[in-house]
Amino acid sequence: MTAPLQTCDVLIVGGGAGGIATAASLLKRRPDLDVRIVEPSEDHFYQPGWTLVGGGVFRPERTRRRTADLIPGRACWIRDSVAAFEPKHDRVRLAGGGTLGYRMMVASPGLKLDWAAIPGLSGTLGQNGVTSNYRYDLAPYTWKLVQDLTHGRALFTQPPMPIKCAGAPQKAMYLSSDHWLRNGRLKNIDVAFHNAGPVLFGVADYVPALMEYVERYDIALHFGSRLVAVDGPARTATFESLDADGKAVRTDREFEMLHVCPPQTAPDVVRDSALAAAAGGWIEVDPDTLRHVRFGNVFGLGDGCSSPNAKTAAAARKQAPVVAENLLAVLDGGDPVAFYDGYGSCPLTVERGKIVLAEFGYGGKLLPSFPDWMLDGKRPTRRAWHLKAQALPEIYWAGMLKGHEWLAKPQRTCPPV
Ligand code: FAD
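All figures in this text were calculated on a predicted structure; none of them were measured in a lab.

Caption draft 1: Region of interest: the pattern of salt bridges. Under the definition given, this model contains 23 salt bridges. Residues Asp9 and Arg103 are paired through a salt bridge, measuring 3.5 Å at the closest nitrogen-oxygen approach. Of this pair, Asp9 sits in strand β1 (residues 6–13) while Arg103 sits in strand β8 (residues 99–107), and the two are 94 residues apart along the sequence. A relative accessible area of 19% means that Asp9 is categorised as buried. With relative accessibility at 47%, the residue Arg103 sits in the partly exposed group. Across the salt bridge formed by Arg135 and Asp137, the nearest N and O atoms sit 2.9 Å from each other. Judged by its relative accessible area of 28%, Arg135 is partly exposed. The class of Asp137 is partly exposed, set by a relative accessible area of 46%. Among the charged side chains, a salt-bridge network with shared partners connects Asp178, Arg182, Arg216 and Glu351.

Structural data, given as structure tokens:
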């Protein structure tokens, strides 16, 4: 006999930034809703803090909390992971063996960091001078390398887009260079940025301020240059670029320090499911309402979605209330009522104590949270640094994950009832 199908009002897949924020926003609006969250990890991470860990500003523990302490009181945590989505049958299969049905589903499983896509990388991370702020356990190694390096070559890499927090690879580079400059070592350290993409930053308004720092730190920029292999013991990284005839050319570069931002894809469980978009394999949502384009009782948010916003926690902060409003409207038999404008934010830590605060929506439209006289995001400012180092972690833990929706009121198509 097969066990009866367990079912719930709302199933949330992923208890990261997007999942917990949506659960909190839903329960704030409707406290008696039956919400279950499938999340395998005992720990929850404030990933935006890892840049500051790698820059020696935060202790790593400041970015980690127990998942159990963050699940909203009235939600139920299922400590498992989804092994298969079956949206045609309104259910998911769990890795632990069970099956779970739902009336509505919110998918927020994040993305996959594809370390294995670069031969030689996985085995050498955390040693031989190879590091990455994209992992909790490695960000402290970044800071150790930065402190220890006195001369030689430091390479920073960025894979093809989309990636989460597209500014993070260069944030690590600027904070490291700033440390070396302040300690009089930068003149002996050759810093280079190998970016698979064609530009320093995707929104042109922020590039002039960033270029001032590229010049200050004398950083060599290599666009269209993709990391394809690492030999840790030999301290050699291999890059691929196209020559003038469009032919792929490989170049080996020796290094003392290598900071890698890994290639990123939709999670396999999403790519292999009916939720996936044909192009890219991300959860295919309507960019305005975040409702799935084929399955009306499914919503998606966060890094795993197809919407063309900057993949950031700041985006998830704005998306969660939109999903909560729209999901409840659909659950009640209506249509979505709230819109997401594509807002995402990338606080670029150009030096210790100053940040260029990029805030923009769909199509690169600038969406600053503050007027220029208060905080001009196109210039490096101390205010933006205080925002990132002091206010934003608090806005995350005490606001976003608790359903307070600070700086995140959803835009509605009709006035609130
Ligand atoms: P996550 O927060 O990654 O959560 C996904 C969750 O889903 C995880 O808990 C995971 O365990 C779970 N999961 C995965 N697979 C399954 C499954 N099959 N079943 C169930 N659960 C599953 N954002 C900013 O706004 N500002 C910044 O300055 C910033 N800097 C960053 C710097 C770095 C180095 C990094 C790595 C990220 C940074 N980000 C920043 C990005 C931000 O952290 C992410 O965009 C945000 O966490 C996305 O939220 P999410 O819910 O989509 O994914």
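Caption draft 2: Just the site of the ligand, in detail. As a structural note, the neighbourhood of the ligand is formed by 33 residues, with Gly18, Glu39, Lys171, Asp303 and Ala314 the closest of them. Lys388 places a side-chain nitrogen or oxygen 3.1 Å from an oxygen atom of the ligand. When the ligand sits alone it has 1000 Å² of accessible area, and the protein chains cover 89% of it. Elements that contribute at least two residues to the shell around the ligand include exactly α1 (17–29), α2 (50–54), α5 (168–182), α8 (313–331) and β21 (344–351). Each residue belonging to the shell around the ligand can be placed in one class, and the counts come to 15 nonpolar, 12 polar and 6 charged. Two domains each provide a minimum of three residues to the shell around the ligand, namely domain 1 (6–111 + 266–337) and domain 2 (114–264).

Caption draft 3: Spotlight on the nonpolar core. Counting 76 residues, the largest nonpolar core has Val10, Leu11, Val35, Phe85, Val92 and Met105 as the members making the most contacts within it. Counting residues per element, this core draws most heavily on α8, at 11 residues. Residues lining this core come from more than one domain, with at least three contributed by each of domain 1 (6–111 + 266–337) and domain 2 (114–264). In contact with Met105, other than residues within four places in its own chain, are Leu11, Val13, Phe85, Val92, Leu275, Asn297, Val298 and Phe299.

Caption draft 4: Representation of α8 within the structure. Spanning 19 residues, α8 covers 26 Å between terminal C-alpha atoms, matching the ideal 27 Å at 1.5 Å per step. At Gln319, α8 shows its largest kink, close to 30 degrees, and the proline Pro321 lies no more than four residues downstream. Among the 19 residues of α8, 17 are classified as buried, and the element is accordingly described as predominantly covered. The first or second residue beyond α8 is Gly333, which carries a positive phi of 95 degrees.

Caption draft 5: Representation of the side chain of Gln158 in the model. By the secondary structure assignment, Gln158 is in strand β11 (residues 152–158). Given a relative accessible area of 7%, Gln158 falls into the buried group.

Caption draft 6: Looking closely at the packing of aromatic side chains. In total, this model carries 12 aromatic pairs according to the counting rule given. Ring plane angle 50 degrees and centroid distance 6.0 Å describe the contact between Tyr46 and Trp397, whose orientation is recorded as tilted. Residue Tyr46 is found in the loop between β3 (43–45) and α2, and its partner Trp397 is found in helix α9 (residues 382–399); the two are separated by 351 residues along the sequence. Neither residue differs from the other here; Tyr46 and Trp397 are each classed as buried. Judged by centre distance (6.5 Å) and plane angle (45 degrees), the ring pair of Tyr206 and Phe360 falls under tilted. A residue pair is termed long-range when its members are at least 10 positions apart, and Tyr206 in the loop between β12 (189–195) and α6 (207–216) and Phe360 in strand β22 (residues 354–360) qualify at 154 residues. When sorted by exposure, Tyr206 lands in the same class as Phe360, which is buried. These aromatic residues form a ring-pair network of at least three members: Phe45, Trp50 and Tyr136. Positioned above the aromatic ring of Trp115 is the side chain of Arg135, whose terminal nitrogen or guanidinium carbon lies 5.7 Å from the ring centre.

Caption draft 7: Region of the structure containing the packing of helix α4 (residues 139–148) against α5. Following both chains from N to C, one finds α4 and α5 inclined at 30 degrees, their axes separated by 9 Å at the closest point. Here α5 runs roughly parallel to α4, going by the angle between their axes. Pair α4 / α5 crosses with right-handed handedness. Contact residues: α4 offers Trp143, Val146 and Gln147, while α5 offers Ser176, His179 and Trp180. In the contact of α4 with α5, the residues fall into 3 nonpolar, 3 polar and no charged.

Caption draft 8: The sheet that holds strand β14 (residues 226–231), seen in detail. One open sheet accounts for 3 strands, arranged β14-β15-β16; its pairing is antiparallel. Single-partner strands in this sheet number two, and they are β14 and β16 (248–254). Taken over all neighbouring pairs, the strand axes of this sheet differ in orientation by 25 degrees on average, direction set aside. Summarising the sheet, strand β15 (residues 236–242) and β16 pair through 7 bridges and their orientation is antiparallel. Paired with Ser241 across the bridge in β16 is Val249.

Definitions and cut-offs
Residues numbered from 1 in each chain as written. Predicted model: local features only at pLDDT ≥ 70, side-chain atom pairs only at ≥ 80, totals over all residues. Heavy atoms only, no water. Salt bridge = Lys/Arg side-chain N within 4 Å of Asp/Glu carboxyl O. Helix = DSSP H or I, 4+ residues; strand = E, 2+ residues; numbered from the N terminus. Buried < 20%, exposed > 50% of the residue type's maximum accessible area, 1.4 Å probe, protein only. Near = heavy atom within 4 Å. Polar contact = N/O pair within 3.5 Å; in protein donor to acceptor, adjacent residues only side chain to side chain. Areas by Shrake-Rupley, 256 points an atom, 1.4 Å probe, with all protein chains shown as cover. Nonpolar A, V, L, I, M, F, W, Y, C, P; charged D, E, K, R; others polar. Domains from an automatic or database assignment. Core = buried A, V, L, I, M, F, W, Y, C linked by side-chain atoms within 4.5 Å. Contact = heavy atoms within 4.5 Å. Expected span 1.5 Å × (residues − 1). Bend = angle between axes of the 7 residues up to and from the residue. Phe/Tyr/Trp six-rings, centres within 6.5 Å; stacked < 30°, edge-to-face > 60°. Lys NZ or Arg CZ within 6 Å of the ring centre and 35° of its normal. Axes fitted to C-alpha atoms, helices over the stretch in contact; angles between N-to-C directions. Parallel < 35°, antiparallel > 145°, perpendicular 65-115°, else oblique. Left-handed = near helix turned anticlockwise from the far one by under 90°. Pairing = 2+ DSSP bridges.

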